[in-house]
Structure formats: C-alpha cells, structure tokens
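Notes for the structure review
One-letter residues, chain by chain:
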Amino acid sequence: ILACLFLLVMSFITFYPIGDKIKEQMKTHLANVPGCRPDFEQIRVEWFLPKIVISDVVVPAACLNKVGDPLKFRHLTLNFNLLSFKPFGPLFKLTTDFSGQPLEVYYAIGFGGQLIRLDEQKLHLGRLSPLISDSFKMQGDIILDAKIIMDKAVLKDVKIYARSRNFVIPPQNIQGFSLNFLKVNDFSLKANQEDGTQRLMIEEIILGDANAPVRAKFSGPIQVNQQSLSFSSLNIKGEVFFSDSFKQENPWIDLVTGPYSQKDGFYQVKLGGTLGQLQPGPM
C-alpha cells in the first residue's frame, strides 16, 4: 500500500505543476515575515532510485532571523528510504550541499509526530558558519549524531552527541573582549531530552585537551521553551581552566575571573539566563 501511495505521489508531482503551487503557498504563509521569500528553480522527479529533486534553492537570511546574503543550496534531493517505526510512517533521506559541505538528514512523518535524524554526519564548521552563529565563530570538524522527535512542532524526544578532535576558536571579539586564535582540539557534547518532559539534560560539555590554552567542563539542565528556544532557561554548572600563556596574552581575563572561586586551578562557573542571553556567574 505504501509503495502504491508513493508511486501515486511521484506521478502526481511529475505531471502536476506542483512547483508553482508551492511557491504560491510560500508567498501566502510568509507574507507577514519581512524579507523572508524562499525560492527555487524547479521540482522534478527522477525515477531511477525514485527521488524528488528541488534545484537552486535560495533562503533569505531573514528567514533565520539573520542579516546578510541569502543561503543557497544547489539542490535538495528527497529519497524514499523504507519505513520508520517511531513515529510509524515513511522514511525519507534528504541530501543537499551547502558551501561545499555535503548534508544528509533522515526525515519521517507519520503517526506520533516527525523524526529528524543524523547518523555520523561529518560537519566542517567553517563552511556552516552562516547557519550556526553570528556571535561565536568556530572551526574544525565535528561528527554529529542526533535524533529529534517532534509532535506539532513540540520537542518530544532529543538525543545529541557531537565530538571533535580538531576544534578551533578563531580570533574574534566577544562582548568587547578580543580573543586570540585558540586551538583547543577536543570537544564533546552530549544532551538528552526524555519523551514527555520539557527538560533537556546536558550530560556533558567538554572543551580542550591536556595542552589546550582553555579547558572547560559543564553539565546541567535546560528548561525548554517550546514557543521560542532562545528563551529556554539554563542552570548549568562547571569549571574553566586558563593556561599561564593564555593569561599573559589576554590580561583582561583577570578582570573577568575576579569574582570566581578556584578549585585545583579551575574557576567554578554557573551559566544561567537563557539560550539567547547567557548570564555567567560564580557558584
């Protein structure tokens, strides 16, 4: 039955001007979002390894609450990829390319919500900077495993594991303080939100190897705000170490760390506030 439905949908897309209809719907639904007018060249069906291909996708930066040049994807390819059992329904594989970075995401929609999954996805952070953050620059390669289940845009189950062995923080200015090039190498992030709760537990954030100028380790909960993730509140605790060479190159660090207590050379830090506005403070 699912195969017949899939073939019916593919045939419908082949002969019906669905691309024009989708563009009309985007204009209608995004009319109240200033500057957000996504566009694409065409939608076509390829019957060899059946897939839907959307070519030359352009997403204005305003759609992501950013400023600057639009995001351009040469293609978005949607392949049928058997079944998902949680949620139960058809499973698709979405592949694309952004600034030379291949992206591969599994997506399912069915009874019980939607599933987004990335399996051992290697990400080059420098190429993805327009998608990640304007306020904090990062470079290096990260291996990402992620599973996100949503029900009507509400997060229900989240599991994330990201790790890197060549993580770099390039020179930048953070809240008025100049930061030099930092080669910290090791990075790890583990996060888990159990089904039915509104709390995302950060099991660990680990930054820096034994020779890194900056080392840190944090853990704690994030109370998820389903209406706006940037307003999700934090209660994360941890510790940060700065090498002598880092302190010499950045003498302002003594002003910042003055109120913080130390334990075995590590400053004890609490991160409060929200995801959109972090408020570090002493424990």
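Preceding this section is the structure that the text describes.
Here's what I pulled together on the structure shown here.

Calculation criteria
- Residues numbered from 1 in each chain as written.
- Predicted model: local features only at pLDDT ≥ 70, side-chain atom pairs only at ≥ 80, totals over all residues.
- Heavy atoms only, no water.
- Helix = DSSP H or I, 4+ residues; strand = E, 2+ residues; numbered from the N terminus.
- Buried < 20%, exposed > 50% of the residue type's maximum accessible area, 1.4 Å probe, protein only.
- Contact = heavy atoms within 4.5 Å.
- Areas by Shrake-Rupley, 256 points an atom, 1.4 Å probe, with all protein chains shown as cover.
- Patch = residues over 30% accessible without salt bridge, like charges linked within 9 Å, V, L, I, M, F, W, Y side chains within 5 Å.
- Salt bridge = Lys/Arg side-chain N within 4 Å of Asp/Glu carboxyl O.
- Phe/Tyr/Trp six-rings, centres within 6.5 Å; stacked < 30°, edge-to-face > 60°.
- Lys NZ or Arg CZ within 6 Å of the ring centre and 35° of its normal.
- Pairing = 2+ DSSP bridges.

With that settled, the discussion passes to the overall build of the protein chain. When helices and strands are counted, the protein chain shows five helices and 18 strands. Counting only residues that meet the buried cut, the protein chain has 37% of its 283 residues in that class. The long-range fraction of contacts in the protein chain, counting pairs at least 24 apart against all pairs at least 6 apart in sequence, stands at 42%. Just so you have it, the protein chain exposes about 16,800 Å², and 59% of that area is on carbon and sulfur atoms.

What follows concerns a nonpolar patch on the surface. Taken together, the side chains of L82, L83, F85, F88 and F111 present a nonpolar region at the surface, about 620 Å² in accessible area. In terms of residue count, the dominant contributor to the nonpolar patch is strand β3 (residues 71–85) (three residues). Along the chain, the position of L83 falls in strand β3.

Below, the discussion takes up the packing of aromatic side chains. In the structure shown here, the tally under the stated rule is five aromatic pairs. Among the aromatic residues, ring-to-ring pairing joins F242, F246 and Y267 into one connected group. The ring of Y106 carries the charged tip of R117 above its face, separated from the ring centre by 4.8 Å. In this structure, R215 packs its charged tip against the face of F241, placed 4.4 Å from the ring centre.

When you line up the elements, D97 lands in strand β4 (residues 88–98). Sequence-distant contacts of D97, defined by excluding residues within four places in its chain, comprise K72, F73, R74, H75 and P102.

Turning to the pattern of salt bridges, a few remarks are in order. Under the criterion given, the structure shown has six salt bridges. In this structure, D119 engages R117 in a salt bridge whose closest nitrogen and oxygen atoms are separated by 3.1 Å. With relative accessibility at 40%, the residue D119 sits in the partly exposed group. Given the relative accessible area of 24%, R117 is considered partly exposed. Look at the salt bridges and you will find they share partners, linking E120, D145 and R163 into a network.

This next bit is on unusual backbone geometry. Of note, the phi angle at D56 is positive, near 50 degrees, even though the residue is not glycine. Looking at the element boundaries, D56 is found in strand β2 (residues 51–59). Classification of D56 as partly exposed rests on a relative accessible area of 43%. A positive phi angle, close to 50 degrees, is found at E120, a residue other than glycine. Relative to the assigned elements, E120 resides in strand β6 (residues 113–124). The exposure class assigned to E120 is partly exposed, which follows from its relative accessible area of 48%.

The next thing to look at is the pairing of strand β17 (residues 266–274). Both strand β15 (residues 236–242) and β17 contribute to a ladder of five bridges, which runs antiparallel. For G238, the partnering residue across the bridge sits in β17 and is V269. Where strand β16 (residues 262–263) folds back onto β17 in an antiparallel hairpin, the turn is made up of two residues, including D264, whose phi is positive at roughly 55 degrees. Where β17 and strand β18 (residues 277–282) come together, six bridges link them in antiparallel fashion. From the neighbouring strand, K270 faces β18, where its bridge partner is G281. What sits between β17 and β18 in their antiparallel hairpin is a turn of two residues.

Judged from the nine bridges that link them, strand β7 (residues 141–151) and strand β8 (residues 154–169) form a sheet pairing that is antiparallel. Looking at the pairing, A146 lines up with I160 of β8. Linking two consecutive strands that pair antiparallel, namely β7 and β8, is a turn of two residues; a positive phi of about 55 degrees is found at K152 within it. Direction of pairing for β8 relative to strand β11 (residues 182–193): antiparallel, over a ladder of ten bridges. Across the sheet, the residue bridging to K159 is N192, located in β11.

Function cannot be read off these values alone, since they describe shape.
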